[in-house]
There are 2 protein chains.
Amino acid sequence: MRALVFDGQEPSLDSNRKDPTLVPSEALIRPLRMGVCATDLEICRGYMGFTGVLGHEFVGVVEQVGKKADKDWIDKRVVGSINCVCGKCDMCRGGLPEHCRDRTVLGIAGRDGCFADAFTLPIRNLIEVPPGIDDDHAVFTEPLAAAYQIIRQLTIEGRPFITVLGDGRLGLLCAQVMSQLNATVRCVGKHPDKLALCEKWGVKHRLLDDVGRRADQDIVVDCTGSATGFDTAVRMVRPRGKIVLKTTVSPDSQNQPIDLSPLVVNEIQVIGSRCGPFSEALATLSEQKVDVLSLISRRVKLTDAVDALRTAAQPDVIKVLLEP
Amino acid sequence: MRALVFDGQEPSLDSNRKDPTLVPSEALIRPLRMGVCATDLEICRGYMGFTGVLGHEFVGVVEQVGKKADKDWIDKRVVGSINCVCGKCDMCRGGLPEHCRDRTVLGIAGRDGCFADAFTLPIRNLIEVPPGIDDDHAVFTEPLAAAYQIIRQLTIEGRPFITVLGDGRLGLLCAQVMSQLNATVRCVGKHPDKLALCEKWGVKHRLLDDVGRRADQDIVVDCTGSATGFDTAVRMVRPRGKIVLKTTVSPDSQNQPIDLSPLVVNEIQVIGSRCGPFSEALATLSEQKVDVLSLISRRVKLTDAVDALRTAAQPDVIKVLLEP
């Protein structure tokens, strides 16, 4: 089969990749759409030390299952949680399976990803996609869930001022999700073309250069994907305010040291935030409360997946979808 | 008068420092005891860009007041909040005066400190010290309040595992304060002599080299005062756990870049924590629930204050007190 493989040096298309091995508890999935995420790009810069097939955003069809009891899943259109967990460690038993000590993560840690003709996931990770949600919408389930995770981690009281920092893939999803809250939300970014989408959605937006660093925001959500994003967030948030950190950057990307002392002086809280609830994301997609189609900048065939990564790294591009 | 002055290069004793000017809302205070804090040492490395008289931990006697209405304060023995606030900005009006936008801070920002024969503070910052608390205890009010601030910022449920990281001045206070909670508390440090105090107090303690980085602590309080403390805290705290950050170090002290990505991956919360409630600290000192006398390593005369700073920087020293 074909697969986009990162070997630790460069991503490349392997046209003769061995088919994945199906174990009893898992399903073999044929992806219909795949999404390129900033994490894929960071991995190609060495983040997580991952090698193997890239990719973790998908909607696909179950082709085979590992055991007969799961045969009803065959031909079902699915999305799926990317964390594959042991069910036995202290985190799993403590109700935090997404933090399983022995987990593998699709295309991120210890498990081949979905940028391929086929891949595997545990049956228990799968969620059937309702017929009302087409493939172009369903492929946004994973990043949209990550946006909803922020809401799970925050208490919103008294109409706070929230800045979503970053107008990229994740920032524009977060801006839409946060604007459903009882809050004054603005998206701050560097790209007028991308911020124009906020205009369309009725979400406040400002160019970073036009915004003061006034330390007056109650909450700043860092979706910049950049090493300088944290510093900007620290300057924007008010004393005793909160920074939600969605950005993962390798420390090697830092061009200046991170200064933590303002966190102490201004008693700022930083809340790390990763994967989120698929059910809420699917419900939102079903109700069309979030516009994801406008985020699709390019569609690229799997055969040209290396190009897709290159395209996704360009500043004027939002979401790149891969198709079989 | 005499004063320990930092000129941006070196601390030195100025024996002919001009007496402070007393304004109507303030009091002139003669210190009886002064405490040397890690922040004083960091300031001498350039932290906060402060120049002027150093020092912010004290117990003293009110010598003069700026207006007649305050004359009852004269001869009172006092401690005092180090944040001098405007009362008008959004932070002051919003109930967070310690985060006043226009504040000066005793010996730290825009206001001469207490390592002198006399200094000034606003009357409204002062708290009278009850007669049951002697000078050697009272001088610990400010750092002890900073330890109590942690408890104000945390919710303690279900007997969490807490590591206080650092066996220095602040760490040993925090370890004592935290051990009053319904929690399993241990102090982790590098100095057997200092950790021996925990033994005396019945507080669990371990040498850093003997402790695994198992990511199993619910809460880690970073009192290391070192640039590597944060990294150690990140490795010790469990996924979805909390790091309370008390340490302020200048980014110039970092010998390796800080990696924030584990905060995202493990969804860790970081809570910056600074000054705390003097009332709770005084109550604790009054009830002798915390042993501060064992922390006093040296007593140095103000005339030898430069030596006092040097002594306080030595690894085997805990608290250095200055006396007039």
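Residues numbered from 1 in each chain as written. Chains lettered and ligands numbered in written order. Predicted model: local features only at pLDDT ≥ 70, side-chain atom pairs only at ≥ 80, totals over all residues. Heavy atoms only, no water.

## A few points about helix 9 (residues 278-286) of chain A
Residues and elements named next belong to chain A.
- Of the residues making up helix 9, those classed as buried are F278, A281, L282, T284 and L285. Mapping the buried residues of helix 9 onto a view down its axis gives an arc of 160°, with all of them on the same face.
- Looking at the buried side of helix 9, the elements it contacts are strand 6 (77-80), strand 11 (126-128), helix 3 (135-138) and helix 4 (141-153).
- Within two residues after helix 9, Q288 carries a phi angle of roughly 55°, on the positive side. (Buried < 20%, exposed > 50% of the residue type's maximum accessible area, 1.4 Å probe, protein only. Helix = DSSP H or I, 4+ residues; strand = E, 2+ residues; numbered from the N terminus. Arc of directions from axis to C-beta. Contact = heavy atoms within 4.5 Å.)

## So, the relation of the copies chain A and chain B
- With an RMSD of 0.0 Å, the fit of chain A onto chain B corresponds to turning through 180° and sliding 0.0 Å along the axis. The superposition operator between the copies reduces to a two-fold rotation axis. Considering only C-alpha atoms, the part of chain A nearest the rotation axis is V270 of chain A, at 2.4 Å.
- Mapped onto chain B, 100% of the interface residues of chain A again fall at the interface, so both copies present the same surface. (Least-squares fit on C-alpha atoms with pLDDT ≥ 70 in both.)

## A look at the environment of F278 of chain B
Residues and elements named next belong to chain B.
- Structurally, F278 is set in helix 9 (residues 278-286).
- F278 sits in the buried class, given a relative accessible area of 10%.
- The spatial distance from the C-alpha of F278 to the C-alpha of T141 is 6.3 Å, given a sequence separation of 137 residues.
- Setting aside residues up to four positions removed in sequence, F278 forms contacts with V79, G80, S81, I127, T141, E142 and A145.

## Section: the domain arrangement of chain A
Residues and elements named next belong to chain A.
- Structurally, chain A comprises domain 1 (3-140 + 292-323) and domain 2 (146-272).
- Each of domain 1 and domain 2 has a C-alpha centre, and the two are 27 Å apart.
- Contacts between the two partners involve 17 residues from domain 1 and, on the opposite side, 13 residues from domain 2.
- Across the domain 1/domain 2 interface, buried area totals approximately 1200 Å², and carbon plus sulfur atoms make up 56% of it. (Domains from an automatic or database assignment. Buried area = accessible area lost by both parts, 1.4 Å probe.)

## Examining the sheet that holds strand 2 (residues 11-14) of chain A
Residue and element names in this part refer to chain A.
- Spatially, three strands are ordered 2-1-4 in an open sheet, and the strand pairing comes out antiparallel. In this open sheet, the two edge strands, each paired with only one partner strand, are strand 2 and strand 4 (52-53).
- By the bridge criterion, two bridges tie strand 1 (residues 3-6) to strand 4 in an arrangement that is antiparallel. The partner of V5 across the bridge, within strand 4, is V53.
- Sheet contacts for helix 10 (residues 305-312): strand 1 and strand 2; angle to strand 2, the most-contacted strand, approximately 155°. (Pairing = 2+ DSSP bridges. Axes fitted to C-alpha atoms, helices over the stretch in contact; angles between N-to-C directions.)

## Section: empty space enclosed by the protein
- Going through the model one piece at a time under the given rule, you end up with three cavities of 30 Å³ or more.
- In this structure, the largest cavity occupies an estimated 110 Å³ of space.
- Around the largest cavity, the lining comprises 12 residues; the ones closest to its centre are L260 of chain A together with F230, T247, V249 and I258 of chain B.
- Along the lines of polarity and charge, the residues of the lining of the largest cavity split into six nonpolar, five polar and one charged.
- Each pocket or cavity is described by its volume, and for the second largest cavity that value is around 90 Å³.
- Along its surface, the second largest cavity is lined by 12 residues, and F230, T247, V249 and I258 of chain A together with L260 of chain B are the ones closest to its centre. (1 Å grid on protein atoms, 1.4 Å probe; cavity = no way out; pocket = protein on both sides within 12 Å on 5 of 7 lines; lining within 4 Å. Points joined across faces, edges and corners; volume = space filled by probe spheres on them. Nonpolar A, V, L, I, M, F, W, Y, C, P; charged D, E, K, R; others polar.)

## Quick look at the sheet that holds strand 7 (residues 83-84) of chain B
Residue and element names in this part refer to chain B.
- A sheet is described by the order of its strands in space; here three strands give the open sequence 7-8-9, paired in mixed fashion. The sheet is open, and its two edges are formed by strand 7 and strand 9 (110-111), each paired on a single side.
- Bridge count for strand 7 against strand 8 (residues 104-106) is two bridges, and the pairing is antiparallel. Note that in strand 8 the partner of N83 across the bridge is V105.

## Observations regarding helix 4 (residues 141-153) of chain B
- For helix 4 of chain B, with 13 residues, the first-to-last C-alpha span of 19 Å sits near the 18 Å given by 1.5 Å per residue.
- Of the residues making up helix 4 of chain B, those classed as buried are T141, E142, P143, L144, A145, A146, A147, Y148, Q149, I150 and Q153 of chain B. (Expected span 1.5 Å × (residues − 1).)

## Some points on the confidence of the model for chain A
- Per-chain confidence: chain A averages 95 in pLDDT, with 98% of residues scoring 70 or above.
- Among the scores for the predicted complex, ipTM is 0.94 and pTM is 0.94. (pLDDT = per-residue confidence, 0-100.)

## Observations concerning the pairing of strand 17 (residues 269-272) of chain A
- Here strand 16 (residues 237-245) of chain A runs beside strand 17 of chain A; their pairing, made up of four bridges, is parallel. Bridged to I243 of chain A within strand 17 of chain A is V270 of chain A.

## Some details on unusual backbone geometry
- Backbone geometry places A215 of chain A, a non-glycine residue, at a positive phi of 55°.
- Residue placement: A215 of chain A occurs in the loop between strand 14 (204-207) and strand 15 (217-222).
- By relative accessible area, which is 17% here, A215 of chain A ends up buried.
- In this structure, Q288 of chain B takes a positive phi of about 55° despite not being glycine.
- Inspection of the secondary structure puts Q288 of chain B in the loop between helix 9 and strand 18 (296-301).
- Residue class for Q288 of chain B comes out exposed when judged on its relative accessible area of 58%.

## Considering the packing of aromatic side chains
Residues and elements named next belong to chain A.
- Within the structure shown, the criterion is met by two aromatic pairs over all chains.
- Centroid distance F58 to F119: 4.8 Å. Interplanar angle 75°. Geometry classified as edge-to-face. Of this pair, F58 sits in strand 5 (residues 57-65) while F119 sits in strand 10 (residues 119-122), placing them 61 residues apart in sequence. Considered together, F58 and F119 belong to a single accessibility category, that of buried residues. (Phe/Tyr/Trp six-rings, centres within 6.5 Å; stacked < 30°, edge-to-face > 60°.)

## Regarding the interface of chain A and chain B
- Contact residues are listed per partner, giving 41 residues for chain A and 41 residues for chain B.
- Taken together, the two surfaces of chain A and chain B that pack against each other cover about 3400 Å², and 58% of this comes from carbon and sulfur.
- For the interface between chain A and chain B, the tally reads two salt bridges.
- Put simply, R240 of chain B and E98 of chain A hold a salt bridge, and the shortest N to O gap is 3.1 Å.
- Our enumeration of links across chain A and chain B arrives at 17 residue pairs in polar contact (both at pLDDT 80 or more).
- Those elements that place two or more of their residues in the side of chain A that touches chain B are helix 4, strand 16, helix 8 (261-265) and strand 17 of chain A. (Salt bridge = Lys/Arg side-chain N within 4 Å of Asp/Glu carboxyl O. Polar contact = N/O pair within 3.5 Å; in protein donor to acceptor, adjacent residues only side chain to side chain.)

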